[in-house]
Amino acid sequence: MQSAARADAANKDTVHENTVHEDDRVIEISKVSTRFGEHVVHSELDLEVRRAEIFALVGGSGSGKSTLLREMILLQRPDSGSIRVLGAELQKLGDEEALALRQRWGVMFQHGGLFGALTVTENVGLPLREHTGLADALIDEIAAWKLAMTGLAPEVGAQYPSELSGGMMKRASLARALALDPELLFLDEPTAGLDPNSASGVDELVRKLRDLFGLTIVMITHDLDLLWQVADRVAVLAEGKVQGIGSMSELSRMDNPAIRQFFDGPRGRAAQEPETRQADAQTDTKNARPSSKPK
Ligand SMILES: Nc1ncnc2c1ncn2[C@@H]1O[C@H](COP(=O)(O)OP(=O)(O)OP(=O)(O)O)[C@@H](O)[C@H]1O
Ligand SMILES: [Mg+2]
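Computed from a predicted model, the values in this text were never measured in an experiment. (Residues numbered from 1 in each chain as written. Chains lettered and ligands numbered in written order. Predicted model: local features only at pLDDT ≥ 70, side-chain atom pairs only at ≥ 80, totals over all residues.)

Right, let's get into the overall build of the protein chain. When helices and strands are counted, the protein chain shows eleven helices and ten strands. Put simply, the protein chain has 295 residues, and 38% of those count as buried. Within the protein chain, contacts between residues at least 6 apart in sequence are counted, and of these 67% link residues at least 24 apart. (Helix = DSSP H or I, 4+ residues; strand = E, 2+ residues; numbered from the N terminus. Buried ≥ 20, exposed ≤ 12 C-beta atoms within 10 Å, placed from the backbone. Contact = placed C-beta atoms within 7 Å.)

Next up, the structure:
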């Protein structure tokens, strides 16, 4: 287990240094600036997400992670700069192109975003009802399949969101994000508020989705376990820009003050290499699944 984690970390270091081809860029963000009144959130920010990678955005509270995610999924526009997603320049999209593009990605919102008045099956089937002309019976069948993919028991389909635990809610909302077989998946804090067991289930699930279906995954998280265990590349946002980008072990060796703060701050101990953390966990379990954000 430990040596597997180490081998993974070593692979991550080499894999993403390979040459990146034009087609491999699923998201290209170039010189994006965003401000709210006088408050500058992004200042000519550049970022690139590659096909089939698990990419994480981290940064202190208010550093502009959620805003950037909203800009990537057409919920908000930057003041200037360019964002290309799956080859389409978002600023130049017409309504129909935007509708078509939205069907190629799935989004799991931080608080699930499930409709309380609908059963889990109905929630998962909703994107299919909206975007396909499929018969109800087939939609229910696909919804059941998506629920199974995310590790939920078949009977959960008949339940309402208020009857689910936090972990089940995350899985159900992931199942809905997967309804239309997206190429690209956005996850906002996929493990926040989960107990360590449920959270490590989500870690595995995220990795499986990428490995089995070649999904490109962009996640916002402050969960250091998730970052060490599954993220191929991590971008640290601060002061309107990406301060550094790389695997966790590469970042941990960088000198940039914002990155150092991420690793050396109050949670620094938890952000060590996996093997050190695992040794620590034997004596100090409270560091196993940190829940506070890097400030
Ligand atoms: N609609 C808005 N109007 C005004 N200010 C906003 C708006 N949305 C975001 N902001 C501001 O932009 C900054 C970045 O917000 P954002 O939600 O992107 O941060 P974040 O990195 O996701 O933080 P957190 O980790 O707390 O979720 C914050 O200072 C926030 O107050
Ligand atoms: Mg946020």
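We now examine the sheet that holds strand E9 (residues 233-238). With respect to topology, six strands assemble into an open sheet ordered E6-E7-E8-E3-E9-E10, the strand pairing being mixed. Strands at the two margins of the open sheet, each flanked by one partner only, are strand E6 (105-108) and strand E10 (241-246). Going from strand to strand, the sheet's axes swing by 15° on average, the running direction of each strand aside. Direction of pairing for strand E3 (residues 54-59) relative to E9: parallel, over a ladder of five bridges. Across the sheet, residue Phe55 finds its bridge partner in E9, namely Arg233. Lying over the sheet, helix H2 (residues 65-72) contacts E3, strand E7 (184-188), strand E8 (216-220) and E9, oriented at roughly 150° with respect to E7. Packing of helix H6 (residues 166-177) onto the sheet brings it into contact with E6 and E7, and relative to E6 it is tilted by some 165°. (Pairing = 2+ DSSP bridges. Axes fitted to C-alpha atoms, helices over the stretch in contact; angles between N-to-C directions.)

Formed by 69 residues in total, the largest nonpolar core has its most connected members in Leu185, Phe186, Ile217, Leu227, Val234 and Val236. Take this core: its biggest share by element is six residues, from H6. The contacts of Leu227, once residues within four sequence positions are left out, are Ala56, Val58, Thr221, Val234 and Met248. (Core = buried A, V, L, I, M, F, W, Y, C linked by C-beta atoms within 7 Å.)

Near ligand 1 lie eleven residues; those nearest to it are Phe36, Ser61, Lys65, Ser66 and Thr67. Looking at which element gives the most residues to the shell around ligand 1, the answer is H2, with three residues. Residue composition of the shell around ligand 1, grouped by class: two nonpolar, seven polar and two charged. (Near = placed C-beta within 6 Å. Nonpolar A, V, L, I, M, F, W, Y, C, P; charged D, E, K, R; others polar.)

Looking now at the sheet that holds strand E1 (residues 25-36). Spatially, E2-E1-E4-E5 is the arrangement adopted by the four strands of the open sheet, whose pairing is antiparallel. With one partner strand each, in any of the chains shown, strand E2 (39-50) and strand E5 (88-89) form the two edges of the open sheet. Strand direction decides the pairing type here: E1 and E2, joined by eight bridges, are antiparallel. Following the sheet pairing, Phe36 is matched in E2 by His39. Strand contacts of H2: E1, E2 and strand E4 (80-85), with the helix running at about 60° to E4, the strand carrying the most contacts.

Let us look at the packing of helix H4 (residues 120-131) against H6. Where H4 meets H6, the closest approach of the two axes is 7 Å, and the angle between their N-to-C directions is 30°. Taken together, the axes of H4 and H6 are roughly parallel relative to one another. Where H4 crosses over H6, the handedness of that crossing is right-handed. Residues Val120, Asn123, Val124, Leu126 and Pro127 of H4 touch H6, and the partners they reach there are Ala172, Ala175 and Arg176. (Parallel < 35°, antiparallel > 145°, perpendicular 65-115°, else oblique. Left-handed = near helix turned anticlockwise from the far one by under 90°.)

Here we take up unusual backbone geometry. The phi dihedral of Leu74 is positive, around 65°, even though this residue is not glycine. Mapping Leu74 onto the fold places it in the loop between H2 and E4. Overall, the presence of 17 C-beta atoms within 10 Å leaves Leu74 in the partly exposed class. Located in the positive-phi region is Glu239, a residue other than glycine, with phi close to 50°. Its place among the elements puts Glu239 in the loop between E9 and E10. On the basis of neighbour count, Glu239 is assigned to the partly exposed category, with 14 C-beta atoms found within 10 Å.

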